[in-house]
Amino acid sequence: LTAYSSHGTSPLAITGLSSINTYSNPIPAFRTLYTFSTNFGSGPNPGLAISGNTLFGTTQSGGISGLGNVFALNTDGTGFTNLFNNFNSSFTNGFRPAAGVILSGSTLYGTTYGGGTLGGGTVFALGTNGVGFTNLVNFDLNVNPNSPDEPQAPVVLSGNTLYGTTWYGGSYNHGTIFSVATNGSSSSILHAFYTPTYNPFANNYDGLFPSSKLIAVGGTLYGTAENGGMNGGGLVFSVVTNQPNSFTVLHYFSTPLNVTNSDGANSFAGLVLSGTNLYGTTFGGGTHGYGVVFAVSTNGLFFTNLYNFTGTNDGSQPHGGLTLSGNRLYGTTSAGGAYTNGTLFAINTDGSNFKSLYSFTGTGDGGNPQADLVLSGGTLYGTAEAGSVATDGTVFSFTLTGPPLSIARSGTNVILTWSASATGYTLQSSLQLGAAASWSAVSPLPVILSSLNTVTNSISTTTKFYRLSQ
């Protein structure tokens, strides 16, 4: 008897007839797509981008130079490609691309934490074919009121301008919000975070050390600062891109006393918008001290603690942001879970129906995910920075289970139905299955009959396939 784990291809240590102890039921929805090794990158970062069937991302170390790379990987786990691995300690290209990439057309945009010609990191552009690497801006490692320094988050694109945050730099050397043109022709600082006072927390008006990815909505940027603020627990902020001095605090997280509080503290995560509410996570604080999921209105008038992590099977210390589909939020925790190596979770936007979808084992599936998840075609994609067989991290996928879709013939029509309580799903059809399938939304839109979403379609002479997609 030779036994294999669902998380890897290495035989287990069993010879001949024997028994196998299983510690958790297999979860077919979860799949390890790629396991990193030092030569091909190590420590994959949050911030995957997807185009069709291809994922793009970065590692903060490993690769030929040992200082990180940009990679591509098919969504089925095949075709790993090192697109760029010439990050170097001589500073010309920057090093440690610690925040992933975003995609616009056939161009990837990202940041490096260090290096560049001035030593303080860079914003770069690279073709999805691995050609055309360009440093758009070089940040100054020295204290320079006119330069950001050491970005730890991805950039966000609005029009022809990229926006981001840095950990240091600016007038007070405690972080900035910056902009840079996609062609590198101009850059500026929208806001420099103030110097704090210590008593014993780092307190100031506008926060410290922003490390979250911004979101851009109608000319306004929203984000979080990990530390500082009036209570020393960080904050949520907004800033209007074309209005100087428009920086506004939407919520101050309260002081974490003995690591607990009512609303969370120390958010490293970016935000997601639904309607007039922003949703995010905090790394610490909450009633158990293990972080929270929260909602705050875009005008800052309403704040709700949606969920307090307990540090047990539900996870603890969420580092990444949330992904929204309909009224369902998906995210990861960097610790906790059944094996203390982090979790994948889901929760409704009203705070109901929290569910731990998966607990990382810290072995072949990876561990300590800090990922912002990407949702495509009913499947979540993300990274775990450590915990694989070689401790260099993984890329994973998790297929969401949608509501049952029923089909019945009625004369010359087919009637398709699914539960009306399942929101955020679109009925799609295709003339074929597989990689060549082209799915399009079905019309008319569903009507609710007897608590079921109901769609009537005429029967065609060509075979047609239907699915529900988020």
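The structure this text deals with has already been given above.
Below, the structure is looked at part by part. The shown structure was predicted, so the numbers you read here are calculated from the model rather than taken from an experiment.

Describing the overall build of the chain
Right, so step 1: If you tally the helices and strands in the chain, you get zero helices and 40 strands.
Right, so step 2: Each of the three principal axes of the chain carries a C-alpha extent, and together these read 75 × 55 × 50 Å.
Right, so step 3: Looking at the 470 residues of the chain, the share that counts as buried comes to 51%.
Right, so step 4: Contacts in the chain between residues at least 24 apart in sequence constitute 44% of all its contacts with a sequence separation of at least 6.
Right, so step 5: Carbon and sulfur atoms make up 50% of the accessible area of the chain, which amounts to about 19800 Å² in all.
Right, so step 6: For the chain, the centre of its 8 positive side-chain charges and the centre of its 13 negative side-chain charges are spaced 24 Å apart.

Comments concerning the packing of aromatic side chains
Right, so step 1: This structure, assessed with the given rule, holds 34 aromatic pairs.
Right, so step 2: Arranged with centres 5.2 Å apart and planes meeting at 25 degrees, the rings of Phe237 and Phe247 form a pair that is stacked. Note that Phe237 is positioned in strand β21 (residues 235-240) and Phe247 in the loop between β21 and β22 (248-252), a separation of 10 residues in sequence. Accessibility assignment for this pair places Phe237 and Phe247 in one class, buried.
Right, so step 3: Taking 5.2 Å as the distance between ring centres and 85 degrees as the angle between the ring planes, the aromatic pair formed by Tyr358 and Phe360 counts as edge-to-face.
Right, so step 4: We classify Tyr358 as buried; its relative accessible area is 4%.
Right, so step 5: Every member of this aromatic cluster is reached through a ring pair, and the members are Tyr34, Phe36, Phe40, Phe71 and Phe80.

Structural notes on the sheet that holds strand β19 (residues 215-217)
Right, so step 1: An order of β19-β20-β21-β22 is seen for the four strands of this open sheet, with the pairing classed as antiparallel. Sheet topology places β19 and β22 at the edges, where each strand pairs with a single neighbour. For this sheet the average axis-to-axis angle between neighbouring strands, irrespective of direction, equals 25 degrees.
Right, so step 2: Alignment of β19 against strand β20 (residues 220-225), held across three bridges, turns out to be antiparallel. Opposite Val217, over in β20, you have Thr220 as the bridge partner.

Some details on the pairing of strand β5 (residues 69-74)
Right, so step 1: Of all six residues in β5, five are buried; the element is thus mostly enclosed.
Right, so step 2: As paired elements, β5 and strand β6 (residues 81-84) share three bridges and run antiparallel to each other. Residue pairing across strands places Val70 opposite Phe84, the latter belonging to β6.
Right, so step 3: Joining the antiparallel neighbours β5 and β6 is a turn of six residues, in which Gly77 adopts a positive phi near 90 degrees.

Points about the sheet that holds strand β40 (residues 465-469)
Right, so step 1: Strand order in the open sheet formed by three strands is β37-β36-β40, and the pairing between neighbours is antiparallel. In this open sheet, the two strands that pair with only one neighbour each are β37 (440-441) and β40.
Right, so step 2: Summarising the sheet, strand β36 (residues 426-430) and β37 pair through two bridges and their orientation is antiparallel. Bridge pairing in β37 places Gln428 opposite Ala441.

Quick look at the pairing of strand β39 (residues 452-458)
Right, so step 1: For strand β35 (residues 413-419) and β39, the ladder comprises seven bridges, and the chain directions are antiparallel. When the bridges of β39 are listed, Asn413 appears paired with Ser458.
Right, so step 2: Looking at chain direction, strand β38 (residues 447-449) and β39 are connected through three bridges and run antiparallel. Along β39, the bridge assignment pairs Val447 with Thr454.
Right, so step 3: Adjacent in sequence and paired antiparallel, β38 and β39 are bridged by two residues, among which Ser450 carries a positive phi angle near 55 degrees.

Here's the deal with the environment of Asn138
Right, so step 1: Locating Asn138 in the fold gives a position in strand β10 (residues 134-140).
Right, so step 2: Given a relative accessible area of 22%, Asn138 falls into the partly exposed group.
Right, so step 3: Considering only alpha carbons, one finds Asn138 and Lys464, 326 residues apart in sequence, at a separation of 53 Å.
Right, so step 4: In this structure Asn138 touches Gly116, Thr117, Leu118, Gly121 and Thr122, once residues within four positions along its chain are discounted.
Right, so step 5: Within polar-contact distance, the side chain of Asn138 engages the backbone nitrogen of Thr117 at 3.1 Å.
Right, so step 6: Of the polar contacts made by the side chain of Asn138, one reaches the side chain of Asn135; its length is 3.4 Å.

Brief notes about the nonpolar core
Side chains that are nonpolar tend, in soluble globular proteins, to be buried together.
Right, so step 1: Grouped together as the largest cluster of nonpolar side chains are 15 residues, with contacts concentrated most on Tyr330, Leu344, Leu357, Phe360, Leu373, Leu380 and Phe398.
Right, so step 2: For this core, the secondary structure elements donating two or more residues are β29 (343-348), β30 (355-359), β32 (379-384) and β33 (394-399).
Right, so step 3: The residues touching Phe398, leaving out its near neighbours within four places in the chain, are Ile27, Ala29, Phe30, Leu344, Leu357, Tyr358, Gly378, Thr379 and Leu380.
Right, so step 4: One finds Val70, Phe95, Leu126 and Phe133 within the second-largest nonpolar core, a separate group that totals 14 residues.

Regarding unusual backbone geometry
Right, so step 1: Following Asn199, the chain continues into Pro200 via a peptide bond in cis, with omega recorded as -10 degrees.
Right, so step 2: Tracing the chain through its elements places Pro200 in the loop between β17 (197-198) and β18 (202-203).
Right, so step 3: In this structure, Pro444 follows Ser443 across a cis peptide bond, with omega equal to 5 degrees.
Right, so step 4: Relative to the helices and strands, Pro444 is located in the loop between β37 and β38.
Right, so step 5: Phi at Gln317 is positive, roughly 55 degrees, even though this residue is not glycine.
Right, so step 6: Mapped onto the secondary structure, Gln317 falls in the loop between β26 (303-308) and β27 (323-325).

Digging into the environment of Val293
Right, so step 1: Take Val293: it is sitting in strand β25 (residues 292-297).
Right, so step 2: Sequence separation between Val293 and Val442 is 149 residues, and the spatial gap between their C-alpha atoms is 35 Å.
Right, so step 3: Residues within four places of Val293 in sequence aside, it is in contact with Gly280, Thr281, Thr304, Asn305, Leu306, Tyr307, Phe309, Leu322, Phe345 and Ile347.

Reading the values: the criteria
Residues numbered from 1 in each chain as written. Predicted model: local features only at pLDDT ≥ 70, side-chain atom pairs only at ≥ 80, totals over all residues. Heavy atoms only, no water. Helix = DSSP H or I, 4+ residues; strand = E, 2+ residues; numbered from the N terminus. Buried < 20%, exposed > 50% of the residue type's maximum accessible area, 1.4 Å probe, protein only. Contact = heavy atoms within 4.5 Å. Areas by Shrake-Rupley, 256 points an atom, 1.4 Å probe, with all protein chains shown as cover. Lys, Arg positive; Asp, Glu negative; His and termini not counted. Charge placed at Lys NZ, Arg CZ, Asp CG, Glu CD. Phe/Tyr/Trp six-rings, centres within 6.5 Å; stacked < 30°, edge-to-face > 60°. Pairing = 2+ DSSP bridges. Axes fitted to C-alpha atoms, helices over the stretch in contact; angles between N-to-C directions. Polar contact = N/O pair within 3.5 Å; in protein donor to acceptor, adjacent residues only side chain to side chain. Core = buried A, V, L, I, M, F, W, Y, C linked by side-chain atoms within 4.5 Å.

Don't take any of this as a statement about function, it's just geometry.
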